[in-house]
Amino acid sequence: MELKEIKMAVLKGGYSLSELNELTAYVNSVKTSQAKADISVGDNVWVVQKTKRTAGVVTKVNIKKAIVDMQGSRYNVPLSMLEVQ
């Protein structure tokens, strides 16, 4: 199934707010598990925020977050916000 088809199915599905919240939680958990499988120490990553992407290097991977060295400082970043470069 293509992404466009999934978006249309959600839009036309007539789901309640609680069902959409459950779907959001599921998508976030999948994002975290995918990121954990793809990211390891030493990887160059993008930290994706709403309006910008910042380059960084992963120094440690925890259960739900990673410590990322960005612009000389270390930040504790959720795995769902990381993309491998």
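A quick note: this is a predicted structure, and the numbers were derived from the prediction, not measured. (Residues numbered from 1 in each chain as written. Predicted model: local features only at pLDDT ≥ 70, side-chain atom pairs only at ≥ 80, totals over all residues. Heavy atoms only, no water.)

(A) Main features of the packing of aromatic side chains. Counted by the stated rule, this structure contains zero aromatic pairs. Positioned over the ring face of Trp46 is Arg53, at 4.5 Å from the centre of the ring. (Phe/Tyr/Trp six-rings, centres within 6.5 Å; stacked < 30°, edge-to-face > 60°. Lys NZ or Arg CZ within 6 Å of the ring centre and 35° of its normal.)

(B) Broad picture of the sheet that holds strand β2 (residues 53-61). As summarised here, the arrangement of the five strands in space is β4-β3-β2-β1-β5, forming an open sheet in which the pairing is antiparallel. Edge strands, defined here as strands with exactly one partner in the open sheet, are β4 (73-78) and β5 (82-84). Across this sheet, the average inter-strand angle for adjacent strands is 45 degrees, counted without regard to direction. (Pairing = 2+ DSSP bridges. Helix = DSSP H or I, 4+ residues; strand = E, 2+ residues; numbered from the N terminus. Axes fitted to C-alpha atoms, helices over the stretch in contact; angles between N-to-C directions.)

(C) How the structure looks around the pairing of strand β1 (residues 44-48). Only one face of β1 is buried, namely the one carrying Val45 and Val47, since none of Asn44, Trp46 and Val48 on the opposite face is buried. Where β1 folds back on β2, the antiparallel hairpin that results is connected by four residues. In the sheet, β1 pairs with β5 via three bridges, with the strands oriented antiparallel. By the bridge assignment, Val45 is partnered in β5 with Val84. (Buried < 20%, exposed > 50% of the residue type's maximum accessible area, 1.4 Å probe, protein only.)

(D) Quick peek at the side chain of Thr54. Take Thr54: it is sitting in strand β2. The contact partners of Thr54, leaving out residues within four places of it in the chain, are Val45, Trp46, Val47, Gln49, Met70 and Gln71. (Contact = heavy atoms within 4.5 Å.)

(E) Just helix α1 (residues 3-12), in detail. For α1, the buried fraction is low: zero of the 10 residues fall into the buried class. Of the residues one or two after α1, Gly14 is the one with positive phi, at around 65 degrees.

(F) Summary view of the nonpolar core. In this structure, Ala35, Ile39, Val45, Val47, Val58, Ala66, Val68, Met70, Val77, Leu79 and Leu82 together form the largest nonpolar core, which totals 11 residues. For this core, the secondary structure elements donating two or more residues are β1 and β3 (65-70). A per-element tally of this core places β3 first, with three residues. The contact partners of Leu82, leaving out residues within four places of it in the chain, are Ile39, Val45, Trp46, Val47, Ala66, Val68 and Val77. (Core = buried A, V, L, I, M, F, W, Y, C linked by side-chain atoms within 4.5 Å.)

(G) A look at a nonpolar patch on the surface. A cluster of nonpolar side chains, Met1, Leu3, Ile6, Val10, Tyr15, Leu23, Tyr26, Val27 and Val30, forms an exposed patch at the surface whose accessible area comes to about 860 Å². Mapped by element, the contributors of at least two residues to the nonpolar patch are α1 and α2 (17-38). The element best represented in the nonpolar patch is α2, accounting for four residues. If you trace the backbone, Leu23 turns up in helix α2. Taking relative accessible area as the criterion, Leu23 reaches 35% and is therefore assigned partly exposed. (Patch = residues over 30% accessible without salt bridge, like charges linked within 9 Å, V, L, I, M, F, W, Y side chains within 5 Å. Areas by Shrake-Rupley, 256 points an atom, 1.4 Å probe, with all protein chains shown as cover. Salt bridge = Lys/Arg side-chain N within 4 Å of Asp/Glu carboxyl O.)

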